[in-house]
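# Coordinates in review
Listed here are the chains, written in short residue letters.
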Amino acid sequence: MNGGTDPPLFIKDIKPGLKNLNVVFIVLEIGRVTKTKDGHEVRSCKVADKTGSITISVWDEIGGLIQPGDIIRLTRGYASMWKGCLTLYTGRGGELQKIG
Amino acid sequence: AERQAERGREAGSLLSREPNRLERCMSIVTSMTAGVSEREANDALNAHVCKGPPQHEEVCLGLFTLVLTEPAQDAGDSGVCWRNCYRDLALVSRDGMNIVLNKINQILMEKYLKLQDTCRTQLVWLVRELVKSGVLGADGVCMTFMKQIAGGDVTAKNIWLAESVLDILTEQREWVLKSGILIAMAVYTYLRLIVDHHGTAQLQALRQKEVDFCLSLLRERFMECLMIGRDLVRLLQNVARIPEFELLWKDIIHNPQALSPQFTGILQLLQSRTSRKFLACRLTPDMETKLLFMTSRVRFGQQKRYQDWFQRQYLSTPDSQSLRCDLIRYICGVVHPSNEVLSSDILPRWAIIGWLLTTCTSNVAASNAKLALFYDWLFFSPDKDSIMNIEPAILVMHHSMKPHPAITATLLDFMCRIIPNFYPPLEGHVRQGVFSSLNHIVEKRVLAHLAPLFDNPKLDKELRAMLREKFPEFCSSPSPPVEVKLEEPVSVEMDNHMSDKDEGFYDNAEAAFSDDEEDLSSRGKKREFRFHPIKETVVEEPVDITPYLDQLDESLRDKVLQLQKGRCAPLPSSPDTEAQCEVMQEIVDQVLEEDFDSEQLSVLASCLQELFKAHFRGEVLPEEITEESLEESVGKPLYLIFRNLCQMQEDNSSFSLLLDLLSELYQKQPKIGYHLLYYLRASKAAAGKMNLYESFAQATQLGDLHTCLMMDMKACQEDDVRLLCHLTPSIYTEFPDETLRSGELLNMIVAVIDSAQLQELVCHVMMGNLVMFRKDSVLNILIQSLDWETFEQYCAWQLFLAHNIPLETIIPILQHLKYKEHPEALSCLLLQLRREKASPAPRALPSASDSGCPCSLRSSSSKLAQLTLEQILEHLDNLRLNLTNTKQNFFSQTPILQALQHVQASCDEAHKMKFSDLFSLAEEYEDSSSKPPKSRRKAALSSPRSRKNATQPPNAEEESGSSSASEEEDTKPKPTKRKRKGSSAVGSDSD
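Residues take numbers from 1 onward in each chain, read along the sequence in its written order. A letter from A marks each chain and a number from 1 marks each ligand, given out in the order of writing. pLDDT decides what is reported in this predicted model: residues at 70 or higher carry local features, side-chain atom pairs at 80 or more are listed and counted, and totals for whole chains, interfaces and linings draw on all residues regardless. For side-chain calculations, the full set of non-hydrogen atoms in the structure is used, while hydrogens and water are omitted.

### Concerning the overall build of chain B
Condition: Secondary structure counts use DSSP, requiring at least four H or I residues in a row for a helix and at least two E residues in a row for a strand, with both numbered from the N terminus. Throughout this description, buried means an accessible area under 20% of the type-specific maximum (1.4 Å probe, protein chains only), exposed means over 50%, and partly exposed covers the range between. In what follows, residue pairs with any heavy atoms lying within 4.5 Å of each other are defined as contacts.
The helix and strand inventory of chain B stands at 63 helices and zero strands. The buried share of chain B, taken over its 991 residues, is 52%. A sequence separation of at least 24 residues applies to 72% of the contacts in chain B between residues at least 6 apart.

Set out below in structure tokens:
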């Protein structure tokens, strides 16, 4: 059914430094927009699956398209600590895809 | 716009990605059809289809996908155009488009929101084509399509969908009229949608079409619309101001017969509970999924996010207000959580309703929402309606008292005012309905008592005064509510409907409060109930199901334990049974849940079998057979499985799951087979569903209808003869192929019935309700019957004679009849033959294995014509040789002898030689022609006045033998009868 080859990882299993992550989650909250020095828009969104919740950092215009309640599949993401918080990012060649 | 485009892209990629299979099928088809002539393409497709079902499915789905996805394709480009694709599809489909219909339903239910616009357009086009060609099952697709039209949504896409489906239905109105359920569903859908469509010219035009469509169906097919139930009235009220509907309302109120002779008036409609399918049909699959998720997964206290999401998606516009009523009706009427969920920390239904009420922004919507919430209260009847439908209203009032007293107040106020205002001519009924609801609520312990709610200091004085005036019985507790209720002995609870409710309450109140006299006296009356003897309950030996329980899931185990606790149901209608039914329903629901582990079926079946042993021991058929008693008798908890089965679509996976459960039960308790037969015959809910039994039979280990039916009838025969007779007509009618050829079944029946039951069956046959013999098989069965007991044989012949089957059909039986061995058959046949031809000519009886006898010649002139002289002579000669005892009588008759002489004179020498012995009889005649005694004797014997003479062979020589035979016949039935009476004492005595 789904295009991803691997079953998605649960949020509870995400650890700092993990790469090439496939995660499916629902968007709970969209945080405030911050702008980086070089003009990128960055949003911190709270997302969750049935095992837990995590913050994902969404860059640029795609952040304006997602909204709470969307179910999204992240492919090729990675996790790292940012300001003391475990945060999820879209990696190189990775994408966010709304699936519900 | 950018956002939209993005979403479109996403949806597009989803569609193309998800149905990988569809894409693959499509490429198979295009590879076969691209670049070749139409004819070659056709041949290629056909050839592929012929290879087998998988290939057939590939081609169907491939063409289907082409139809959906290639609207803009240039016909010249690839050689296929979607119109041609549909034509090809129609040509190659060998399953009446079943595969395609299933796929459409699946896409509509699961993916509609993700479809691109072109694809939706194509889907509408395809459904229109299917409807046009009258494909079987297209009505189901139309209903699924209607479900996609969201209520309270006037965005262009939704309006387009509403209009497109309406156009199909209007264009193919004749076709619509063929399906009762489609009529009802379409009326329900569009009556509801009319409310949303107003304002712009486009919407007005659509509304007019909808109004015309609904009215024409309502006027012409009111009976079909009646099946909707009371919510039809609710919807009609919302559109009552539209002039066309005003006229309809006048007829409904003043001239109901004009709509349908069977329609007695609005009360009839208001008293019938709306079927869940209508309440559910106004929610899109997505709404349904989300609400069900909230009520089954979301913890109480964590619902806010989910409510917000739902609200943003469906309830954020002013137009969406009308959807609230649909949601509330759905929650009250369809979402019935199991006890397990009810007792867990899952978001309760009343909380969702509270949310829907508090977020209401317009007054009209709010009052409609309240009406929707109380709608099942107004004409509530504990027998027909479910506590689950009225529970949310009382709980939302109860729980809102602290955090939102205003909500409680407005609802209580509404409850009081709706009684006189709903419809003044029926005020009494509405009051009764609201009272029954409140009574039932207390009875079922939804709330222990109502005074804390009705007489609460948080409510303003006027409201409390009004409540006190309207519901004095429920609001006279001055003391703070205390939960003392538990002290009440449980037995009283089942004792009487009225008693325990007020009792517990008054017991608490007594010391502190004395109400006015009227109240006291009514209290006195109620007290009397208390001392009524408690109904005798069958004391069941304890049942040990613990070994099974351990193997059950926790949630199931709880329910089974619940069943065990309340097991000894005294009467079918007692509240106890009702409670059991509810638990049983929950068990069934749980079995049908997706995550149910089917390994558990067997264990569950063992538990149920143990718990309901009593059902299998008692009488199934009510003593007095009336519509009510029958309906009551099918109210047993175990029958809920049957009921669920009846309500399902046969191709459903739930359907087969329930069949599996039944099959497990059947292994452990074979009696369930005839219980199912009984249920299918007796329950109104099962009318016309007798064929379910066939599905059941196939699901059992026996695996085939015939064996299963025979086993069940055998079991029924052993347990309950009355039931056997009761089932007989429907069994024969519904399963003619299995029954009409079965001597075994007939023997089963005639072996146990008594003469009264025989008479009953004969009556059924004469009235045309029952056919037990058919021309092609009757002979065989009668031949089999020759080995049966005397009374059994007589019964079989009586039943045969009750049918209007020409006697010629069974004439060949004669060659099996032996004079001494088959007196029953012979006498019956003889009597019948006399009726066939009224001539009082003497008859002879066959006594040997000759292939016919004179009586057959006489009775059937057509046969006679075919017989040669030689055959006749052969018969006569045989007769002469075999009828040693009677031949003097037969061959001493003047006409016979004269005939013989005549024949002898005219036939050739060879015959004369061959039948010389026969002809010699005629010669004797000449010698003794003047002897009178023989002719006297002959006359006496050939005028069979008395039955006895006719049934018994008219031979003086064998008199002693035959009289003993006749005694035997007389006495034989009696022992059988006595034995039977012993086995079914009630059955015989009740007549």
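### Thoughts on the packing of aromatic side chains
Residues and elements named next belong to chain B. The test is simple: Only Phe, Tyr and Trp rings are paired, with Trp represented by its six-membered ring, and only when their centres lie within 6.5 Å; those with planes under 30 degrees apart are stacked, over 60 edge-to-face, the remainder tilted.
In total, this model carries 28 aromatic pairs over all chains according to the counting rule given. Here Tyr 86 and Trp 125 contribute two aromatic rings whose centre-to-centre distance is 5.8 Å and whose plane-to-plane angle is 85°, an arrangement assigned as edge-to-face. In this pair, Tyr 86 sits in helix α6 (residues 82-92) while Trp 125 sits in helix α8 (residues 117-132), placing the two residues 39 residues apart along the sequence. Across the pair, exposure class does not vary: Tyr 86 and Trp 125 are buried alike.

### Re the pattern of salt bridges
All names here are of chain B. This is how it is decided: Counted as salt bridges are all cases of a side-chain nitrogen of Lys or Arg within 4 Å of a carboxyl oxygen of Asp or Glu.
According to the stated counting rule, one finds 36 salt bridges over all chains in the structure shown. For Glu 220, the salt bridge identified is with Arg 173, shortest N-O distance 2.9 Å. With Glu 220 in helix α13 (residues 201-220) and Arg 173 in helix α11 (residues 173-176), this pair connects stretches of sequence that are 47 residues apart. Residue class for Glu 220 comes out partly exposed when judged on its relative accessible area of 47%. A relative accessible area of 18% means that Arg 173 is categorised as buried.

### Details of the environment of Phe213(B)
Residue and element names in this part refer to chain B. Note that Phe 213 resides in helix α13. Separated by 44 residues in the primary sequence, Phe 213 and Leu 169 place their C-alpha atoms 8.6 Å from one another. When neighbours within four sequence positions are excluded, Phe 213 is seen to be in contact with Leu 166, Leu 169, Thr 170, Ala 186 and Tyr 190.

### Remarks on the pairing of strand β2 (residues 41-49) of chain A
Residue and element names in this part refer to chain A. Test applied: Here a strand pair is declared whenever DSSP counts at least two bridges between the two strands.
Note: strand β1 (residues 21-35) against β2, seven bridges, orientation antiparallel. Within β2, the residue paired with Ile 30 across the bridge is Cys 45. Linking two consecutive strands that pair antiparallel, namely β1 and β2, is a turn of five residues; a positive phi of about 90° is found at Gly 39 within it.

### Description of helix α4 (residues 53-69) of chain B
Residue and element names in this part refer to chain B. Heads up, the rule is: To estimate how far a helix should extend, the number of its residues minus one is multiplied by 1.5 Å.
The end-to-end C-alpha distance of α4 is 24 Å, a good match for the 24 Å that 17 residues give at a rise of 1.5 Å each. Across the 17 residues of α4, 12 count as buried, placing the element largely inside the fold. Every buried residue of α4 is listed here: His 56, Glu 58, Val 59, Cys 60, Leu 61, Gly 62, Leu 63, Phe 64, Thr 65, Leu 66, Val 67 and Leu 68. Contact partners of the buried residues in α4: α2 (20-33), α3 (38-50), α6, α7 (98-111) and α8.

### Some words on the confidence of the model for chain B
Going by this rule: pLDDT expresses how confident the predictor is about each individual residue, on a scale running from 0 to 100.
Overall, the prediction assigns chain B a mean pLDDT of 78, with 78% of residues at 70 or greater. The ipTM value of the predicted complex is 0.83, and its pTM value is 0.54.

### Thoughts on the side chain of Glu738(B)
Residues and elements named next belong to chain B. The cut-off we apply is this: We treat Lys and Arg as the positive residues and Asp and Glu as the negative residues; His and chain ends play no part in the count. A 3.5 Å cut-off defines polar contacts: any pair of N or O atoms within that distance qualifies, except that in protein one atom must be a possible hydrogen donor and the other a possible acceptor, and neighbouring residues in sequence count only when both atoms are side-chain atoms.
Assignment of secondary structure puts Glu 738 in helix α46 (residues 736-739). Notably, Glu 738 is buried but unbridged: the nearest opposite-charge side chain belongs to Arg 741, and the N-O separation is 6.6 Å. Side chain to side chain, Glu 738 and His 706 meet in a polar contact 3.1 Å long.

### Here's the deal with the packing of α3(B) against α4(B)
All names here are of chain B. Put simply, the test is: The convention used is that axes are lines fitted to C-alpha atoms, helices contributing only their stretch in contact, and that angles between N-to-C directions extend from 0 to 180 degrees. Oblique is the label for any angle not covered by the other classes, which are roughly parallel (under 35 degrees), roughly antiparallel (over 145) and roughly perpendicular (65 to 115). Each residue is assigned to one class: nonpolar for Ala, Val, Leu, Ile, Met, Phe, Trp, Tyr, Cys and Pro, charged for Asp, Glu, Lys and Arg, and polar for all the others, Gly among them.
Running from N to C, α3 and α4 point in directions that differ by 140°, and their axes come no closer than 6 Å. Considering their axes alone, α3 and α4 lie oblique with respect to each other. Residue-level contacts link Leu 45, His 48 and Val 49 of α3 to Gln 55, His 56, Glu 58, Val 59 and Leu 63 of α4. Among the residues forming the contact of α3 with α4, the class breakdown is four nonpolar, three polar and one charged.

### Considerations on the nonpolar core
Where a protein is soluble and globular, its nonpolar side chains tend to be buried together. All names here are of chain B. Which entries qualify depends on this criterion: Here, the term nonpolar core denotes a set of buried Ala, Val, Leu, Ile, Met, Phe, Trp, Tyr and Cys residues that are joined through side-chain atoms within 4.5 Å.
In this structure, Leu 191, Phe 245, Trp 377, Phe 454 and Phe 471 are the most contacted members of the largest nonpolar core, which totals 170 residues. Among the elements that line this core, the one with the most residues is helix α12 (residues 180-194), at 11 residues. Non-local contacts of Leu 191, meaning those with residues more than four positions away in its chain, are made with Cys 214, Leu 218, Leu 232, Leu 235, Leu 236, Val 239 and Phe 245. Within the second largest apolar cluster, 110 residues are counted, among which are Leu 662, Leu 665, Tyr 693 and Leu 758.

### A look at the side chain of Thr144(B)
You can see Thr144(B) is positioned in helix α9 (residues 138-147). Discounting chain neighbours no more than four positions away, the residues touching Thr144(B) are Asn105(B), Leu108(B) and Met109(B).

### Quick notes on the state of the cysteines
Residue and element names in this part refer to chain B. Applied cut-off: Note on terminology: disulfide denotes any pair of cysteine sulfur atoms within 2.5 Å.
Scanning the model with the defined rule gives zero disulfides over all chains in all. Considering cysteine sulfurs only, Cys 214 is the nearest to Cys 225, which forms no disulfide, with 8.5 Å between them. The exposure class assigned to Cys 225 is buried, which follows from its relative accessible area of 0%.

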